Amino acid sequence: PPYFGGSEGHALRESAVEAWEAENSTYYQLLSSIMTTEEYQTAAIYCETFIDEYNVVSATVLFLEQQAKPPTTYEEFWGLGASVLDGAYDLASQFTYFGNFTEVGSRVTCLADCYCAPGGGKGCASIASYNPNSGTISPDTYCSMQWNLIDQGFNKLKICGAKAIGGGPTTTRADMVSFFQLETMEQVYCNMDYCQPASPDKACPTEENGAEKLFNEYEDLARVEGRVCGYAAPNGGLSAGAVAGIVVGCVAAACLAISLYYLRRLKNQRMRYKRRLVQNVARNVSIAPSPGGISADKLADEFKHIDENGDGSISKTELRTWLQDGKLGEISEGDFDAMWDAMSGNDDKVNAIEFFVFLSGCGDAFDEVYKEQTTMTKSQKIALASRRLSVIAARDIKDKVEA
């Protein structure tokens, strides 16, 4: 596959960061000094999973850029060197933007406008005022190079940093987190306006898991206004669009309680299918507390194992077969459909990038399953090791036959 962990994208990212560090620029020295502070180290430990995730998605973007050779790269647009490709340095940069996480800074409601709209449009005027590259990127480059992956990594880091050490004279920690969460949801809406425009009869993304993408990891739903989604989920399952509709339409306290109830259902479903996916990976691969700590080669082998017909992508049938191969029990139709839609973007195939990026967002599930494995009895560990050896042997035989 093109990237995960230690393969090509990872090598591209590491090379870029090392070259930038070797330049020893003033900005590098500033970020390095921030990284020695107690406040930064506290936030970095708390946000380790999101730092790893940031590195995963930035390496994915680098791989895409290497293949497509766009006129401007993500690093070139921001003009801050490869600091924008590294989660640890990016977190350090946020100490400069948000006054050591004591203030929220200028509001940016649409990062896509920073790239594509002259003068930063309506959502990015504050950044456009000092970045001469604003408005010079075509929507096709912005969307196809998936720059939004890094932007959302940035947003997850700033929310995590606020939760870890946020708050100051003019804002509380809770208010800072809420501000960043709402700002992030607004940016996600804007990205979808550029890259997944709504059909004329719908004001929101049309895929079944659209609301899940919008609300993923964020709880301040009652403050989102101005969007109405009327999309109905099949199979009688939870309609993500209905959740958005409920949230938008609720103006009374009673409705807020209903919205939060549906949000809990959505979050619980998301955690169930992520945990199930990681459990399946862990049957055949030695996992770590975060997805970034897993061997790239082993994950590549796992992807090939799921891809039964060897066409370089995973079908819905192939994924279901893999999930049901073992003693973990059935996965419900609703959970499986939600997993597939979140992973595939409502397409009929999942490629390697989509699979690995989805795995990178399963940090909590990796941590949970890893802890379960560390508390196994000796006999359980022997059984797990025996299964892994059997899988390796079976795959070796298959590879020799195919060769």
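It should be emphasised that the depicted structure is a prediction, and the values quoted were computed from it without experimental measurement.

*Asks:* Just checking my understanding: could you explain the state of the cysteines for this structure?
*Replies:* Two cysteines joined by a covalent bond between their sulfur atoms form a disulfide. Inspection of the entire model under this criterion finds four disulfides. Across the disulfide, cysteine 110 is cross-linked to cysteine 190 (sulfur-sulfur distance 1.6 Å). With cysteine 110 in the loop between helix 6 (87-97) and helix 7 (111-116) and cysteine 190 in helix 11 (residues 173-195), the pair connects residues that are 80 residues apart, well separated along the chain. Like cysteine 190, cysteine 110 is buried. Here cysteine 143 engages in a disulfide with cysteine 195; their sulfurs sit 2.0 Å apart. Measuring the twist about the S-S bond at about -85 degrees, one finds the cysteine 143-cysteine 195 disulfide to be left-handed. Separated by 52 residues along the polypeptide, cysteine 143 in helix 9 (residues 139-144) and cysteine 195 in helix 11 bring together distant segments of the chain. Cysteine 195 gets classed as partly exposed once you look at its relative accessible area, which sits at 27%.

*Asks:* Just checking my understanding: could you explain helix 3 (residues 38-46) for this structure?
*Replies:* Working note: α-helix, 3.6 residues per turn, so residues spaced by three or four point in the same direction. Along helix 3, the residues classified as buried are Tyr40, Ala43 and Ala44. Burial along helix 3 is one-sided: seen end-on, the buried residues are contained in an arc of 100 degrees. Pointing more than 90 degrees away from the buried face of helix 3 are the exposed residues Glu38, Ile45 and Tyr46. Residues of helix 3 that are buried sit in contact with helix 2 (26-34), helix 4 (48-68), helix 6 and helix 10 (147-165).

*Asks:* Please clarify how the nonpolar core should be interpreted in this entry.
*Replies:* One recurring pattern in soluble globular proteins is that nonpolar side chains are buried together. Residues Leu91, Phe101, Tyr115 and Trp147 are the most contacted members of the largest nonpolar core, which totals 59 residues. Residues contacting tyrosine 115, with those up to four places away along its chain left out, are Tyr74, Phe77, Trp78, Ser134, Gly135, Thr136, Ile137, Tyr142, Trp147 and Asp151. In this structure, Val285, Met343, Ala352 and Phe356 belong to the second largest nonpolar core, which totals 29 residues.

*Asks:* What exactly am I supposed to notice about unusual backbone geometry here?
*Replies:* Glycine aside, negative phi is the norm for most residues, and most peptide bonds take the trans geometry. The phi dihedral of asparagine 100 is positive, around 60 degrees, even though this residue is not glycine. Counting through the fold element by element, asparagine 100 comes out in the loop between helix 6 and helix 7. Within the chain, glutamine 146 stands out as a residue other than glycine whose phi angle is a positive 55 degrees. Take glutamine 146: it is sitting in the loop between helix 9 and helix 10.

What counts as what
- Residues numbered from 1 in each chain as written.
- Predicted model: local features only at pLDDT ≥ 70, side-chain atom pairs only at ≥ 80, totals over all residues.
- Heavy atoms only, no water.
- Disulfide = S-S within 2.5 Å.
- Helix = DSSP H or I, 4+ residues; strand = E, 2+ residues; numbered from the N terminus.
- Buried < 20%, exposed > 50% of the residue type's maximum accessible area, 1.4 Å probe, protein only.
- Arc of directions from axis to C-beta.
- Contact = heavy atoms within 4.5 Å.
- Core = buried A, V, L, I, M, F, W, Y, C linked by side-chain atoms within 4.5 Å.

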